[in-house]
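# Residue-level structure breakdown
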Amino acid sequence: MSFLSQLFKSQTSIDQISASSLKQLLESKAEVKILDVRTRGEFKQGHINGSTNIDVFSSNFLNQCKSKFNPD
């Protein structure tokens, strides 16, 4: 089971979208939450504005995700 599946147990599937689809969503001002799972250093080198950075290698990664995102 992937960490995203663990985090969002109530969701039966997780959709993946293309970069161009994401761009359209962001431009349409849709409610989009982006989780950037790279290290803090990688995040500082460049990221999508408004994204949330939680290092996937952090010992409390799942707890941080649950505290910042509503799994429902």
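Structure's up top.
Residues numbered from 1 in each chain as written. Predicted model: local features only at pLDDT ≥ 70, side-chain atom pairs only at ≥ 80, totals over all residues. Heavy atoms only, no water.

## Here's the deal with the overall build of the protein chain
A count of helices and strands for the protein chain gives four helices and two strands. Listed N to C, the secondary structure of the protein chain is α-α-β-α-β-α in terms of helices and strands. The buried share among the 72 residues of the protein chain stands at 17%. Pairs at least 24 residues apart make up 32% of the contacts formed inside the protein chain by residues separated by at least 6 positions. (Helix = DSSP H or I, 4+ residues; strand = E, 2+ residues; numbered from the N terminus. Buried < 20%, exposed > 50% of the residue type's maximum accessible area, 1.4 Å probe, protein only. Contact = heavy atoms within 4.5 Å.)

## A look at the side chain of Ser51
Within the secondary structure, Ser51 is located in the loop between helix 3 (40–45) and strand 2 (52–53). Looking at Ser51, its side chain comes within polar contact range of the main-chain oxygen of Ile48, at 2.7 Å. In this structure, Ser51 is in contact with Ile34, Asp36 and Phe43, ignoring residues within four places of it in sequence. (Polar contact = N/O pair within 3.5 Å; in protein donor to acceptor, adjacent residues only side chain to side chain.)

## Some thoughts on the environment of Asp55
Tracing the backbone shows Asp55 in the loop between strand 2 and helix 4 (61–68). On a C-alpha basis, the gap between Asp55 and Gly41 in space is 9.8 Å, while along the polypeptide they are 14 residues apart. Those residues in contact with Asp55 that lie beyond four places of it in its chain are Val37, Arg38, Thr39 and Phe61. In terms of polar contacts, Asp55 uses its side chain to reach the backbone amide nitrogen of Phe57, at 2.8 Å.

## Brief notes about the side chain of Asp36
Counting through the fold element by element, Asp36 comes out in strand 1 (residues 35–36). According to the relative accessible area criterion, Asp36 is buried, its value standing at 11%. Within the local environment of Asp36, its side chain forms a polar contact with the side chain of Arg38, the two groups lying 2.7 Å apart.

## Observations regarding the pattern of salt bridges
If charged atoms from side chains of opposite charge come close, those side chains can pair. As enumerated under the stated definition, the model contains three salt bridges in all. Two residues, Lys33 and Glu31, come together in a salt bridge whose shortest N-O distance is 3.9 Å. Glu31 matches Lys33 in its accessibility class, with the two residues each being exposed. Close ionic contact of Arg38 with Asp36 constitutes a salt bridge, the shortest N to O distance being 2.7 Å. (Salt bridge = Lys/Arg side-chain N within 4 Å of Asp/Glu carboxyl O.)

## A closer look at unusual backbone geometry
A positive phi angle, close to 65°, is found at Lys29, a residue other than glycine. As for its position among the elements, Lys29 is in the loop between helix 2 (19–27) and strand 1.

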